[in-house]
Structure formats: structure tokens, C-alpha cells
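One letter stands for each residue in the lines below.
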There are 2 protein chains.
Amino acid sequence: MTYCIVVSVKEGLVLTSDSRTNAGIDNVSVHRKMHALSTLPDRTIVLLSAGNLATTQAVIDQLVKDMHERATPNLNSVTSLVEAAEYLGGMSVKKQNRHVNAGQNGFFPAATFILAGQIGHMAHGAYLIYPEGNYITTSIHTPYLQIGEIKYGKPVLDRFLKNDTGLHEAGRCCLISMDSTMRSNVSVGPPVDLLLYRKDSFNLENYYCFAEDDNYLIQLRRQWHEKLKESFATLPPFCSEDKQTLACHEA
Amino acid sequence: MTYCIVVSVKEGLVLTSDSRTNAGIDNVSVHRKMHALSTLPDRTIVLLSAGNLATTQAVIDQLVKDMHERATPNLNSVTSLVEAAEYLGGMSVKKQNRHVNAGQNGFFPAATFILAGQIGHMAHGAYLIYPEGNYITTSIHTPYLQIGEIKYGKPVLDRFLKNDTGLHEAGRCCLISMDSTMRSNVSVGPPVDLLLYRKDSFNLENYYCFAEDDNYLIQLRRQWHEKLKESFATLPPFCSEDKQTLACHEA
């Protein structure tokens, strides 16, 4: 499976992804799901991908080919992120539709993407592109998008991410969310990619790749676990006086 | 939807359930999902239910009728929890199979149960009974079972529940797990039922029902949130020296 998050806050973007792919539980590999694309200097575009690996690779190959051949449109010709999302959505549907046997014998070519970045003087942002080709973006109230195994790691994002959360803080929040997910679903696994994009910077310099035995990740995981244990130990007990009677189904 | 948990530890059992049911997002009701059954004094049997409400009600009615008519088997005649699980599984399948139109027009009669309790001198325990009628129990390594919307609240159970966790502590852990789930899925909602069963007690005296505006639940939720925020604020930053280069897909 996969777990990817993009956070879009005032200061910029935070992208996080795991690297485990599997074609069946007995066929597990490591593939990066964070794809930076070498576009013109006036734009930064990064994709995160989930779903069928052949589809995601086909889509990325086509994006690169379209840029190289200056096709209309391509990632260098689009004038906004929403135009890029529309273009990517259409391409993803086309790649999926090549398969007439979709849905048979457990074969599903569906793929889901998050496209994040900034183009020219426009605001940075992120779009989640569904397998059907349609897409959504973030809101001030929900400043993040997730794809893949989204549930285990969602509560912590809901608790801590606000529009004015700093990039490093949002990055730690994503790593905690990723850790909860990796604990609960073995098909989500390291290395964990993390990219902080400061708005208007148009660079990919703040990139980190955390292996399973990375000291920082181990420290973060331990400290979070210990702090949670301490917090849990201080929770107030419920009162015996609040006991009620549980009605029985009488035979 | 539904979220129910049973924890089976050395000291006994902890059962937790929400009370929100929905037949479509525009048809939401309150139904208790914790069902105590008035059995003979040598046994305590409590069910938690998820899935189709008509099926769960039909199953519980039949369980009660079978006890009343002293059918073979019934919950008073079974000599172990596993026998009770087998009997319940068969009955659930029968109730579901009455519907020839299952799977059509979005109609699914499937229901899932957890049967928990103690019979005579045997150990207390819990069984999760799938819609197909088969069942599983807990292990020392995973001392809990969940049904319904299980993912949001699972990480906290994995972190804190051990075989030697006390009943009150396990109860607080379940309430935290329930809170995370209610925050993330509006189809899971209060009142929250909580039952602590001390092994060999054969009573249902330690029962609590927490309404949405229950003072204890509000206090628990606030304190947990504040403690998590404090813990999050102390997490170590990642070092700028660990930055790497993110390879680009070149056009």
C-alpha cells in the first residue's frame, strides 16, 4: 500500500511519503512515491502517487515526455496548478483506460496523485487527483491532503495542523502521522521522504530521506511514545458514583 | 457506522461501543450496540454489534427466544464461549440468507458481532464473529477486538493495551480510542457505553453511559488533547545537516 501527505500552510508546503509497494503480500518492493519534475525555473511541481505502480510510472514517463516534446499542454506550458491537475487527471484516465480487463482477476489499474507546488506569482498549493481524473484542493480548515492508507494517521493531523503551523512543525506532525500508520499497516514502510517547500523559493533544497534505522526517526518515535505514555498515565479516572444499570434482554 | 472495542486482559473484560446508526447519511438514529443478555447466574454474556441493524436485532431476538424456549442450543445450554460463538455465527448467517436480494441496490444484510463474557469456571474471553459465521478470539499480543470503524482508534490501543493492563486503565484507553474515532468519522457518535467486567464476578455492575455533554468525557477529551499538544511541542527538530538532494525526473 502507500501513505502520502501534503500539507499546505501559509509558509509553504510539506510533502511526506512512504516507499513500500506490494503486488500481493508476498511481493514487496521499495519505490519512491515522491516525484520531483525538472520544470522551468519559474515553477516547482512535485507529485506523490498511490495505487497501481505501472499506471503511476506510465503517467510520470508521459509527463516527462510531454515536457521534452513541448506537447500542448505540458507541465511547463500550464499557467496554474489547477490546469496542471486537469492535465494530469486526463492523462491518468487515459493510461488506465488502456486496460480492457480492469476489475478482472483482482487487477485494478487505478492510481491517485497529489500534485503540489507553485507556478510563477500564483500562490503555492496542492491538488489530490482521483483515479476518475477529477480533483480537490485543501481548505483553511483542512490544510492537508492524504492518499493511500489515510485513516490511522489522520487524527494527529486533525489535532495539530492549522493554516499558521510552521513548516518544520508540520513536518514533525507528518512524521508522527507516518509512524502511526507504519505501526498499524505493514504495507506502509520506510524510507520516509520529507520535503519542505518554502513559498516563493522555487527550490527542493529542504529534502530529507529517513531510513528505517535513521537516528532522528528512532528518537522521534521513542520520544512521542514515551510522552504519550506519560500523558495517558495522568488521565483522570472515571467515578464509581457515575455507574448506571445496563438493561438486559430478558429471556 | 459503528465503533466497538472489547479488551480481554488478565483482570477481565472491557467493552466499549458508540450509539450512532445510519441508514444513509440523511437518516441517523441512536441505538445501543451493547447488548447484555439475561442468562443463568453461572454465566455472563454481552454482545456488541455492527452492520445491518435489522440483522443484529433479528439475531438478538432469536437468541432471547431460544433461551425462553430452551432450544438446542441456546445461550444457557452452551458450555463454552466458543460454542456460543459457533451458535451465534450460524444464526447470523441464517438471518442474512433470508434476503435473496443481498448486494442489490446497495442493500447489504451483513452484520458483525463481538461476544464477550464468561461461562462457569472457564476463563473469560471474547470472540469476533464475522458475517460469514466464522470467528476469532484475542491473543496475549493483541488483547483486543474491534468492529466497525476500526482504523482511526487502533494506534492508541496498540500503544497502551497489554495483558496486564488494569480494567480502569483499559477503559480510559478505549474512551480515548473512541474519541479519536468520533472526531474523524461523524457516523460514529455518542452516547458511549462502557462496561468493565471483573473476571469471576458474573455481574454487570461496572457500567457507564457517557452522553455527548458528559463532564467526564469532556474533561478526558480536553486533557488528552492538551497533553498531546504539550508532548508535540517538545519533539526534537530534524537537523538541517541531514538534508539530501531530491533527484528530479529530467525532461
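For the structure itself, consult the block above.
In this report, the structure presented in the accompanying data block is examined. (Residues numbered from 1 in each chain as written. Chains lettered and ligands numbered in written order. Predicted model: local features only at pLDDT ≥ 70, side-chain atom pairs only at ≥ 80, totals over all residues. Heavy atoms only, no water.)

**Regarding the environment of Pro155 of chain B**
Here is step 1 of the chain: Following the sequence through the fold, Pro155 of chain B ends up in helix 3 (residues 154-160).
Here is step 2 of the chain: For the pair Pro155 of chain B and Ser177 of chain B, spaced 22 residues apart in sequence, the C-alpha to C-alpha distance is 8.2 Å.
Here is step 3 of the chain: Those residues in contact with Pro155 of chain B that sit more than four places away from it in its chain are Tyr152, Ser180 and Ser184 of chain A. (Helix = DSSP H or I, 4+ residues; strand = E, 2+ residues; numbered from the N terminus. Contact = heavy atoms within 4.5 Å.)

**Let's talk about the relation of the copies chain A and chain B**
Here is step 1 of the chain: Overlaying chain A with chain B gives an RMSD of 0.0 Å, the required rotation being 180° about an axis along which the chain moves by 0.0 Å. Between the two chains, the operation in question is that of a two-fold axis. Within chain A, Tyr152 of chain A has its C-alpha nearest the rotation axis, a separation of 2.4 Å.
Here is step 2 of the chain: Taken together, the interface assignments show that 100% of the residues at the interface of chain A recur at the interface of chain B, consistent with an identical surface on both copies. (Least-squares fit on C-alpha atoms with pLDDT ≥ 70 in both.)

**Details of the interface of chain A and chain B**
Here is step 1 of the chain: At the interface, 67 residues of chain A touch 67 residues of chain B.
Here is step 2 of the chain: Surface buried jointly by chain A and chain B totals about 6,500 Å² across both partners, of which 65% is contributed by carbon and sulfur atoms.
Here is step 3 of the chain: Linking chain A to chain B there are two salt bridges.
Here is step 4 of the chain: Among the ionic pairs, Lys151 of chain A bridges to Glu149 of chain B, the shortest N-O distance being 2.9 Å.
Here is step 5 of the chain: Elements with a contribution of two residues or more to the side of chain A that touches chain B: strand 5 (34-37), helix 1 (53-68), helix 3 (154-160), helix 4 (167-184), strand 11 (192-198), strand 12 (206-210), helix 5 (215-233) and strand 13 (248-249) of chain A. (Buried area = accessible area lost by both parts, 1.4 Å probe. Salt bridge = Lys/Arg side-chain N within 4 Å of Asp/Glu carboxyl O.)

**Considerations on the sheet that holds strand 5 (residues 34-37) of chain B**
Here is step 1 of the chain: Taken together, the six strands give an open sheet; going across it, the order is 13(A)-5(B)-6(B)-7(B)-8(B)-9(B), and neighbouring strands pair in mixed fashion. Taken across any chain shown, the strands that pair with only one partner, and hence form the sheet edges, are strand 13 of chain A together with strand 9 (135-137) of chain B.
Here is step 2 of the chain: Here strand 8 (residues 125-129) of chain B runs beside strand 9 of chain B; their pairing, made up of three bridges, is antiparallel. Across the sheet, residue Leu128 of chain B finds its bridge partner in strand 9 of chain B, namely Ile136 of chain B.
Here is step 3 of the chain: Here helix 1 (residues 53-68) of chain B sits on the sheet and contacts strand 13 of chain A together with strand 5, strand 6 (43-51) and strand 7 (111-119) of chain B; the angle it forms with strand 6 of chain B, its principal contact strand, is near 160°.
Here is step 4 of the chain: Helix 2 (residues 81-97) of chain B contacts strand 6, strand 7, strand 8 and strand 9 of chain B of the sheet and is inclined by roughly 155° relative to strand 7 of chain B. (Pairing = 2+ DSSP bridges. Axes fitted to C-alpha atoms, helices over the stretch in contact; angles between N-to-C directions.)

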